[in-house]
Every structure is written in structure tokens, then in C-alpha cells.
Amino acid sequence: MNKRARASRKLWKLGISDFNTKYFDFNKDGDLIAKEGNNVYNIRYLAEKFGTSLEILFPYILDERVEDLLDLTSSLIKKLKYQGKFYYHYPMKSNQTKEVVMAMVGEGANIETASFNELFLVKKMLEQETFNQQMHIICNGPKTEKYMNLIDELQHKGLKVIPIIEGPNELKSFQYSRFDVGIRLDMPVKSKAIWNKPIDRFGFTRKELLKMEPFKNLKVLHYRIGSKFEKLGDILASTKYALNVFFKLKEKNRSLDTIDIGGGMPIPFERTRKYPVDKILEKLFELLKNESEKRGVPHPNLICEWGRYMVAPAQITIYKIIDTKKITQKGISAKKWYVIDGSFMNDLIDTWAIEQKWAVAPVSNRFDDKLTEGWISGSSCDSDDIYTGVDGIVPLPDYDYDPNDPFYIVFFDTGAYQDALASHHCMLSSPLKIIAENGHIVIARKRESSEDVGKNFGW
Ligand SMILES: *Cc1c(COP(=O)(O)O)cnc(C)c1O
């Protein structure tokens, strides 16, 4: 291995399992590469061939992440002699791309849907026989009449579909259902993140739940501590609270045997700290085991619906720098604007919506380049369309725009939510999306033409 490539890899934190970058490296020429077994994808070639802005999805990363989670939980179950089962449910809303969902179910994930339209895709998969019919489906989100009818239809076809009751109207419809149902606990303990609201409308408080008449088939107690819990203590404290409700509810509802912790497992977008999933799950299983043994009840089954954690690391987004500009204002640590041929407010909207941070690196690394403190600007005309880094700067190779010397940058971990939230501010086109698998490239979404974008607005 080339010494300069090695130093570069370290600088940009590639090849590190805990940061989900073990698939990425620089080759001896300084080009960013992605490795899939013996297949190597040269990201600069792909950017030149397909143009930018460009999203690249790597389904094999998903395969491996699901496999790792299922291996980890089955070894913990063995080690702790845990008697309940573990089910991973992939929340489709994190990324509904067909290749993502197929990779998930192919590796043994179950599904969680948030809407009629997502459950409709499950029905489609059922008709095309593209999944194992033993798969379980959890249905969250507001149950419109259409959504309820489809739940009913699929249940009658023999599919294990479990609606989670989130409000009073849904309670009326499902309390005496002859199929399994779940109910959502409104958790008063929430983790600290800017998008976790202290009050939301989902679910029922402990008091409301314990006052309810017995259900016909209550199976699952679902709760959510909010996205991106930062501390192990957060998830344990909220699980303890939920377990208390669970055991009380079980006194009236013998069929209740599953606890669903929802989503929220973070990933190290910022590359500053690690989140040890093995430790978190071990503590969780231990807690479930100890609390149920204290009360002499069987260990509950555990469901988790981690979305961002699973899919974010499986996609990267590449932009070309289309201009650079010195920052001359005083009192700002950044020195140079890098303007990209895409937009944060459109393609990476969480940058703007929830102050999401990203790891950024050069796609073609010149090794000898000095670094500078950059800010990155999207190419909409909006002054909010910027990314200013983790600590107010984005370190990047010092580059001045030169059409004869193109320069690309990559954003890692862009696989979750950004596509479904994407918009068309200033009528910019969405990135082209390609899928890299088994050494082949498939175009999953063509570059939108002006005609395509105009159609969204009735032109
Ligand atoms: C959004 C959502 C998830 C996934 O959340 P992440 O933070 O991406 O893990 C899981 N379950 C439900 C019910 C959700 O609404």
C-alpha cells in the first residue's frame, strides 16, 4: 500500500468499521474506491461517466448490515439464554427504493410500513412472490380507511400484518380484531435531539393504556424514544418505563408477548464518536431478561425498527465543484466557498431541516494538496442552501475552480430519508441514481430533464 494513500485514508477516516467506512479507500492514484469483495468501483470514473450530481447505492452494504445485526442478536440470545425471539423490521420510510427493500427482505428483515402507499408495495411484492410469506409486517402511521382495508385484505390472505394502534379511531377499529394487533405507548422519556418534540400526538399514555378494556389479541407494545438517542442510558431508561407498562398490560392481556423499541439507533455521521451496537443490544436483552424474571413472566420477544442506522451508510452522493470563492468576511473561520452542482435544500434536505452533519471527502485526492477551511454552497439561489461542517468548517483540499482540472467531493451516509424528502427548489433536477452491485452498474433513476421537472408543476 502506497504510503500517501494510507495517510489520506486516515485523514478522511476511511476503512474504519466503527464509522461504517470499511468499504471505502483511496487507490494509489488518489481516487476514491468502493470495494465489494473482489469488485472495485472507482468513484471518480463513475462521476465522469454518469455526470454529477450522482447518488450511488451499494446494496451489498445493506446485505452485510442486516446479516451483522441478525448474527449479533442470535449470538446474544444464545449467550444470555434469552427465551424470547428477535425480529428486525425495516422501516420502509427510511428509503423506499426497490433495491433497498429487496436487499433487506432478502437477508431476513421483516417490514414496517408508515402509510397505505408503502403497504401497497408490500402487496405488490406478495403478488410477485418476491418475499418469504412468513415475513411479518408492522403497520404504523395514521390508518386511513384505505390503509385499514388493505391491512384487512392482506391479513385475510394469510400474511402476518400487525397494525399498531396510535389513536382513538384506530382503537375502535382494532381493539376486538381477530388478528394480532399492537398499541403505541406515548413515552414521556425522550432523547435530546432537535427534532424530538417533548409532545407529540402518537400513542396513549400509561394511564390511558391501563384503563383500557382487554383486547381480543393484543400482541405488541410499541414505543419510540425519538431519533438518534445519544446515550445508552436513554434507551435503557425508556425501556424500563415501557416494560413496567408492558407487565401491567399483560395482566389483562395474556397474548401480549412482544416489545417493539422502534427506531432511533444513531450512526456516527460526524466521525467524532462511536455507537457500540453490540453493547447497546446486550444491555437491552439483559434488562428484558432481568425484569421479566423478577416478575416470573416469560422473556418478551423484541422488535427493533432501526432505519437510518441500516440504510444511511449504503449510499454516497457526489458533486462536482462548479465554482470557488474566497470568504473575506471577518470573524468567520472558513476561508473558501465551494459551490456544488446540486443542492442541500433539495438533495440533502436534512442539512437544512435538522442541521444534519455529514462526513465529506475529496473523490480525487491529490495527496500533496494543502487543506483549507471550506464552506459548501448548493446551487439554488437560497442563502440557506449551505453546509458549514461539524465545527463550523469543512476541511477540504485547497482547490481553485479550473474547468480543465475538475474536482469532485463525496458526502457519505446519504442513504436514509434524503430521497423521499427531496424537493425541487429553484426547479433543480434531482441527482442521477445508480446502483453498484456484483461489479455492475444499473441506473435506478435517470437524470431529470427540464421537461420532467416542469411536469411536477403542471407544465
Ligand atoms: C421513522 C420510524 C422508524 C425509523 O427511525 P430511525 O430513526 O430511522 O431509526 C422506525 N419506526 C417508526 C414507527 C418510525 O416512525
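Residues numbered from 1 in each chain as written. Predicted model: local features only at pLDDT ≥ 70, side-chain atom pairs only at ≥ 80, totals over all residues. Heavy atoms only, no water.

A. Quick peek at the environment of serine 17. Within the secondary structure layout, serine 17 lies in the loop between helix 1 (3-11) and strand 1 (24-26). Residues serine 17 and leucine 284, spaced 267 residues apart in sequence, show a C-alpha to C-alpha distance of 22 Å. (Helix = DSSP H or I, 4+ residues; strand = E, 2+ residues; numbered from the N terminus.)

B. Structural detail: the domain arrangement of the protein chain. What the domain assignment lists for the protein chain is domain 1 (3-59 + 312-455) and domain 2 (82-306). A straight line from the C-alpha centre of domain 1 to that of domain 2 covers 34 Å. Taken together, the contact between domain 1 and domain 2 spans 25 residues of the former and 17 residues of the latter. On the domain 1 side of the contact with domain 2, Phe19, Ile354 and Tyr417 bury the most area, a combined 28% of that side's loss. For the pair domain 1 and domain 2, the interface holds two salt bridges. (Domains from an automatic or database assignment. Contact = heavy atoms within 4.5 Å. Buried area = accessible area lost by both parts, 1.4 Å probe. Salt bridge = Lys/Arg side-chain N within 4 Å of Asp/Glu carboxyl O.)

C. Summary view of the pattern of salt bridges. Within the structure shown, the criterion is met by 21 salt bridges. Note that glutamate 166 is salt-bridged to arginine 184, the shortest N-O span being 3.1 Å. Here glutamate 166, found in the loop between strand 8 (160-165) and helix 7 (168-174), pairs with arginine 184, found in strand 9 (residues 181-185); they are 18 residues apart in sequence, far enough to count as distant. Take arginine 184: its relative accessible area is 11%, and that puts it in the buried class. A salt bridge links lysine 336 to aspartate 398; its shortest N-O distance comes to 2.5 Å. Here aspartate 398 lies in the loop between strand 18 (394-397) and strand 19 (408-411) and lysine 336 lies in strand 14 (residues 336-340), a separation of 62 residues in the sequence. (Buried < 20%, exposed > 50% of the residue type's maximum accessible area, 1.4 Å probe, protein only.)

D. Looking closely at a nonpolar patch on the surface. Where nonpolar side chains cluster on the molecular surface, the patch consists of Met427, Phe457 and Trp459 and spans about 420 Å² of accessible area. Within the secondary structure, tryptophan 459 sits in the segment after helix 15 (450-455). By relative accessible area, which is 78% here, tryptophan 459 ends up exposed. (Patch = residues over 30% accessible without salt bridge, like charges linked within 9 Å, V, L, I, M, F, W, Y side chains within 5 Å. Areas by Shrake-Rupley, 256 points an atom, 1.4 Å probe, with all protein chains shown as cover.)

E. Examining the sheet that holds strand 9 more closely. As summarised here, the arrangement of the eight strands in space is 5-6-7-8-9-10-11-12, forming a closed barrel in which the pairing is parallel. Averaged over all pairs of adjacent strands, the angle between their axes in this sheet comes to 25°, without regard to strand direction. Both strand 11 (residues 258-260) and strand 12 (residues 301-304) contribute to a ladder of three bridges, which runs parallel. Residue pairing across strands places threonine 258 opposite asparagine 301, the latter belonging to strand 12. Each of strand 6 (110-113), strand 7 (136-139) and strand 8 touches helix 6 (residues 145-156); the most contacted strand, strand 8, lies at about 150° to it. (Pairing = 2+ DSSP bridges. Axes fitted to C-alpha atoms, helices over the stretch in contact; angles between N-to-C directions.)

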